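Each chain, written out:
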Amino acid sequence: MKRIVSGIKPTGELTLGNYLGAMKRWAEMENENIESFYFIANLHAITVRQDPFQLRKRTFDIVAWLITCGVNPEKSLIFIQSMIPAHTEICWVLTNYVTIGELGKMTQFKDKVSKSSREGQVAGLFEYPVLMAGDVLLYDADEVPVGDDQMQHLELTRNIAARFNNLYGQTFKEPKGTVSKITARIMSLKNPESKMSKSETEDSYIALEDKPEDIIKKFKRAVTDSENQIRFDSESKPAISNLLNIYSAFSEKSIDEIVSDYKNEGYGKFKTDLGELVASKLDILQKRFKEIREDEEFLLKTIKRGNSGASEIADKKVSEVYEKIGLVYHRF
Ligand code: AQP
């Protein structure tokens, strides 16, 4: 059985990108002989300043959304990163098995510093690939589903693991990164060249908790090209191709079928229908979410179960690592 580890940052409202690219897929994977570990990556969230109330609330929201999307907490472990001390413990150790040079080469960090000053960045932003390496190595993950923007971080994770294993003998499994299919990458409604992101402007994403009228409005205002012909071509028509992907995911029709349905229609009708389709599907999910979110006892039970399953494995790994490098370890 393959083991997969993945996380979601509670940095904003969950979007259609998170749903189609990750959460919906995670629920489907439960039927594929996979052992899954999903965590709320709240330690990662704080590399950008967060409102404490919102951060705490969103952490619990994501747990409820995962279950809403079909992740079964009896089959997969759902846990909160900050509640498993092993994540911060392993991070500090691994920080000493990576160089400043390696971290400075990370494209995501370089992108950030190209937009503002390097000196003013918080050190957490520089070091977060190490935290990410620990998240994965703690659990001996076989695979990590990542966006292509995270592939470099995964390569670093493999290098850190190999370096440690060389020095102290086999300790960490070197995980494989699996890039999600291109269709699973949902792009911004305002700029189809960049991915839909929860920390971008509100009109660039559909939040899972958006009201139906806002969903319809946002799709109507989504950028398209001037051709007014509905066809799939992610190179020359990235905006309309992105909308076709979303339509296909929600209608379960193939792209070809949708293109044929709209061959005599313009963008206006297509975007209105898409807005109504997504609004009606999200309405069902939102009702389910509300019920789950309000069931505090169930949520806490789920988190407790996930945390205890995760820490049992993670604590063993930290103790093995501490032992190998000569640190005294005892969990009271
Ligand atoms: N647009 C997307 N298309 C496909 N998959 C996506 N994911 C996120 N956006 C898209 C996938 O969702 C999972 C959790 O991601 P995350 O929220 O932890 O981090 P992220 O990818 O950095 O998402 P955001 O929304 O862009 O967050 P911010 O704005 O805070 O950086 C991952 O599996 C991710 O691939």
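Now for a description of the structure that goes with this document. Model, not experiment: these values are computed from the prediction.

### Notes on a negative patch on the surface
Residues Glu-13, Glu-202, Asp-203 and Glu-209 make up a contiguous surface patch of negative charge. Among the structural elements, Glu-209 can be located in the loop between strand S5 (176–179) and helix H9 (212–220). With relative accessibility at 39%, the residue Glu-209 sits in the partly exposed group.

### Some thoughts on the packing of aromatic side chains
Each aromatic ring pair is characterised by the separation of its centres together with the angle its planes make. One pass over the full model with this rule turns up 15 aromatic pairs. With a centroid separation of 4.6 Å and 40° between ring planes, the pair formed by Phe-164 and Tyr-168 is classed as tilted. Of this pair, Phe-164 and Tyr-168 both sit in helix H8 (residues 151–168), 4 residues apart, roughly one helical turn. Here Tyr-322 and Tyr-329 contribute two aromatic rings whose centre-to-centre distance is 5.3 Å and whose plane-to-plane angle is 85°, an arrangement assigned as edge-to-face. Under the relative-accessibility criterion, Tyr-322 is labelled buried at 15%. Put simply, the rings of Phe-37, Phe-39, Phe-79 and Tyr-139 touch in pairs and so form one group of aromatic residues. Over the ring of Tyr-205 we find Lys-218; its NZ or CZ atom is 4.9 Å from the centre of that ring.

### So, the nonpolar core
Ranked by internal contacts, the top residues of the largest apolar core, which has 56 residues, are Leu-16, Leu-66, Phe-219, Phe-250, Phe-270, Val-278 and Leu-282. If one sorts the elements of this core by residue count, helix H12 (residues 267–294) sits on top with 10 residues. Residue-level mapping places this core at the junction of two domains, with at least three residues from each of domain 1 (2–178 + 296–325) and domain 2 (202–291). Setting aside its immediate chain neighbours within four residues, Val-278 contacts Leu-16, Ile-215, Phe-219, Ile-246 and Phe-250. Ranked by size, the runner-up nonpolar core spans 42 residues in total, among them Ile-84, Met-106, Val-130 and Leu-131.

### As for the site of the ligand
The ligand sits among 16 residues. The nearest are Thr-11, Lys-195, Ser-197, Lys-198 and Ser-199. In the environment of the ligand, an oxygen atom lies 2.6 Å from a nitrogen or oxygen atom belonging to the side chain of Lys-195. One of the side-chain N or O atoms of Ser-197 is found 2.4 Å from an oxygen atom in the ligand. Starting from 640 Å² of accessible surface for the ligand in isolation, the protein chains cover 85%. Contributions of two or more residues to the shell around the ligand are made by strand S1 (2–8) and helix H1 (16–29). The dominant element in the shell around the ligand, judged by the number of residues it contributes, is H1, at 4 residues. Here the shell around the ligand is composed, by residue class, of 5 nonpolar, 7 polar and 4 charged.

Cut-offs and rules
Residues numbered from 1 in each chain as written. Predicted model: local features only at pLDDT ≥ 70, side-chain atom pairs only at ≥ 80, totals over all residues. Heavy atoms only, no water. Patch = residues over 30% accessible without salt bridge, like charges linked within 9 Å, V, L, I, M, F, W, Y side chains within 5 Å. Areas by Shrake-Rupley, 256 points an atom, 1.4 Å probe, with all protein chains shown as cover. Salt bridge = Lys/Arg side-chain N within 4 Å of Asp/Glu carboxyl O. Lys, Arg positive; Asp, Glu negative; His and termini not counted. Charge placed at Lys NZ, Arg CZ, Asp CG, Glu CD. Helix = DSSP H or I, 4+ residues; strand = E, 2+ residues; numbered from the N terminus. Buried < 20%, exposed > 50% of the residue type's maximum accessible area, 1.4 Å probe, protein only. Phe/Tyr/Trp six-rings, centres within 6.5 Å; stacked < 30°, edge-to-face > 60°. Lys NZ or Arg CZ within 6 Å of the ring centre and 35° of its normal. Core = buried A, V, L, I, M, F, W, Y, C linked by side-chain atoms within 4.5 Å. Domains from an automatic or database assignment. Contact = heavy atoms within 4.5 Å. Near = heavy atom within 4 Å. Polar contact = N/O pair within 3.5 Å; in protein donor to acceptor, adjacent residues only side chain to side chain. Nonpolar A, V, L, I, M, F, W, Y, C, P; charged D, E, K, R; others polar.

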